[in-house]
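Overview (structure and organization)
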Amino acid sequence: MAQVSLNKVCKIYSGGVKAVDMVSLGVENKEFMILVGPSGCGKSTTLRMVAGLEESSSGDIYIGDKRVNDVPVKDRDIAMVFQNYALYPHFTVFENMAFGLRLRHYPKLEIIQRVNEAADILSIRHILRRKPRELSGGERQRVAVGRAIVRKPLVFLFDEPLSNLDANLRVQMRTEIHKLHIRLQTTIIYVTHDQTEAMTMGDRIAVMRAGLIQQVADPIDVYDHPKNKFVAGFIGSPPMNFMNGKIIKKDGKFYFDEGNIRIKLIEGMFKKITPYLEKEIIFGIRPEDIYDKLFASDAPPENIVRVSCEVVEPMGSEVYLYLNTGKHTFIARVGAHNRPAVNQDLDVVFDMSKVHFFDKDSEETII
């Protein structure tokens, strides 16, 4: 079994810089776990501690049932794929993929068999005699993955492996790695700053910020039920819109009052929002949950607001509208046919069943 468990793991560098702060995380056998977060959040440091490339300052790291804090890298039965591929330039593809096996004194015939098997999985058998300088970025990435596959380790570790590829290759390799996980049925921990990779590849994702894990859940749960404002804003493209305002009550109904716009809350929110009556609060709504009134004619009048359209950004199958209330700018993601004129006032509808509210001080989710 290849579970990975971190229990209150910390990494403090000289000078007191805390890169990882009391991280506890369990990765199940055969699970594809994504560590996602902005640069400097501690995700790569966490991965390197699992690999043994960084020493933890405190806490326990287990691979299977074995505590590995003091186990050398070569004895942890892991394989790591790096951001820069880390291929030996003077070796052929075959030699790069076989290098780790030769170090472990595998028989020559078994090395050939394992390398050819991995090459077939990744469709790179035709480049086995080439050297890295003769390969494209996508081919180099496949070789780096192949070098990990031949080891047949308990755990695969990926450290932002697609960040050096162009957009089309990233999409292609994302699919290939996902199919590889299904085929190999092994445990993978994958680090990325790209929330699209996190949403599309992982069984679960762990969102990190400033060395702390903010939320661990399956991608859709994180998207629909973010634990706090940071997670809500980080997961999603374009990101969630936020506005500051107050909760007010009128005629037995609750409203979010931004100053220039006022929107009625649905009844299911009343109980949780009551403690915030007449208090500052943060309102959040995703761009896809804002509609042009022309295409939402059945919307209740209390959910319709007048805004100014500042920018229209066609994206092919959809359009991003940059709208302004006079106090806040926000983005609506609408269909390709919906292109209002720039500087035109228009009425938009907020889908109040999809909105979120956050405590202004703690930024924790209220609804």
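Preceding this section is the structure that the text describes.
Quick caveat, the model's predicted, so the values are computed rather than measured.

Description of the sheet that holds strand β6 (residues 78-81)
Taken together, 6 strands build an open sheet; the order of strands is β6-β7-β8-β3-β9-β10 and the sheet is mixed. Only two strands of the sheet have a single partner each, and these edge strands are β6 and β10 (212-217). Strand after strand, the sheet turns through a mean of 15 degrees between neighbouring axes, direction not considered. Two strands pair when backbone bridges link them, and strand β9 (residues 204-209) and β10 are joined in this way by 5 bridges, in the antiparallel orientation.

Some points on the pattern of salt bridges
One pass over the full model with this rule turns up 18 salt bridges. With its nearest N and O atoms 3.6 Å apart, the salt bridge here joins Glu318 to Arg333. Of the two residues, Glu318 sits in strand β17 (residues 318-324) while Arg333 sits in strand β18 (residues 329-335), which places them 15 residues apart along the sequence. Taking relative accessible area as the criterion, Glu318 reaches 23% and is therefore assigned partly exposed. For Arg333, a relative accessible area of 23% corresponds to the partly exposed category. Put simply, Lys11, Arg48 and Glu54 are held in one network by salt bridges that share partners.

Some remarks on the side chain of Thr45
Along the polypeptide, Thr45 turns up in helix α1 (residues 43-51). Residue Thr45 is classed as buried on the basis of its relative accessible area of 15%. If near-sequence neighbours (up to four positions away) are discounted, Thr45 is found in contact with Lys11, Tyr13, Ala19 and Val20.

Thoughts on the packing of aromatic side chains
Scanning the entire structure with this criterion turns up 14 aromatic pairs. Aromatic rings pair up to connect Phe256, Phe283, Phe330, Phe350 and Phe357 into one cluster. It is Arg129 that lies over the ring of Phe94; its NZ or CZ is 5.1 Å from the centre. The cationic tip of Arg286 hangs over the ring face of Tyr223; the distance from NZ or CZ to the ring centre is 3.9 Å.

Some details on unusual backbone geometry
Here the bond from Ser237 into Pro238 is cis, since omega is -5 degrees, no more than 30 degrees from zero. A positive phi angle, close to 70 degrees, is found at Asn343, a residue other than glycine. Locating Asn343 in the fold gives a position in the loop between β18 and β19 (345-350). Phi angles above zero are rare outside glycine, and Glu363 is one such case at about 65 degrees. Mapped onto the elements, Glu363 comes out in the segment after β20 (356-359). When its relative accessible area of 26% is taken as the criterion, Glu363 is described as partly exposed.

Notes on the nonpolar core
Ranked by internal contacts, the top residues of the largest apolar core, which has 48 residues, are Met97, Tyr190 and Ile235. For this core, the element with the most residues is helix α3 (residues 108-122), which contributes 6 residues. If we ignore the near neighbours within four places in the chain, the residues touching Tyr190 are Phe32, Met33, Ile34, Leu35, Phe158, Pro161, Leu162, Ile177, Glu197 and Met201. One finds Tyr276, Leu346, Phe357 and Ile366 within the second-largest nonpolar core, a separate group that totals 31 residues.

Points about the sheet that holds strand β1 (residues 4-12)
The pairing of strands in a sheet comes from backbone hydrogen bonds and takes either a parallel or an antiparallel form. Here we have 4 strands laid out as an open sheet, ordered β2-β1-β4-β5, and antiparallel in their pairing. Strand pairing shows two members of the sheet lacking a second neighbour, β2 (18-27) and β5 (66-67), which therefore form its edges. Of the strands in this sheet, β1, β2 and β4 (58-63) touch α1, which is tilted by about 115 degrees from β1.

Quick notes on the pairing of strand β8 (residues 187-192)
Among the 6 residues of β8, 6 are classified as buried, and the element is accordingly described as predominantly covered. Neither face of β8 is left uncovered, since the one carrying Thr187, Ile189 and Val191 and the one carrying Ile188, Tyr190 and Thr192 both have all their residues buried. Where strand β3 (residues 32-36) lies against β8, 5 bridges are found, and the strand directions are parallel. Residue pairing for β8: Val36 is matched across the bridge by Thr192. Strand direction decides the pairing type here: strand β7 (residues 155-159) and β8, joined by 5 bridges, are parallel.

Let's talk about the state of the cysteines
Throughout this description, disulfide means a covalent bond between two cysteine sulfur atoms. Inspection of the entire model under this criterion finds 0 disulfides. Cysteine Cys41 remains unbridged, with the sulfur of Cys10 as its closest cysteine sulfur at 15 Å.

As for the pairing of β18
Each regular strand shows side chains that alternate between the opposite faces of the sheet. Relative to β18, β17 is paired through 7 bridges, and the arrangement is antiparallel. Paired with Tyr322 across the strands is Ile331, a residue of β18. From the end of β17 to the start of β18, which pair antiparallel, there are 4 residues, and Gly326 there has a positive phi angle of about 105 degrees.

What counts, and at which threshold
Residues numbered from 1 in each chain as written. Predicted model: local features only at pLDDT ≥ 70, side-chain atom pairs only at ≥ 80, totals over all residues. Heavy atoms only, no water. Pairing = 2+ DSSP bridges. Helix = DSSP H or I, 4+ residues; strand = E, 2+ residues; numbered from the N terminus. Axes fitted to C-alpha atoms, helices over the stretch in contact; angles between N-to-C directions. Salt bridge = Lys/Arg side-chain N within 4 Å of Asp/Glu carboxyl O. Buried < 20%, exposed > 50% of the residue type's maximum accessible area, 1.4 Å probe, protein only. Contact = heavy atoms within 4.5 Å. Phe/Tyr/Trp six-rings, centres within 6.5 Å; stacked < 30°, edge-to-face > 60°. Lys NZ or Arg CZ within 6 Å of the ring centre and 35° of its normal. Core = buried A, V, L, I, M, F, W, Y, C linked by side-chain atoms within 4.5 Å. Disulfide = S-S within 2.5 Å.

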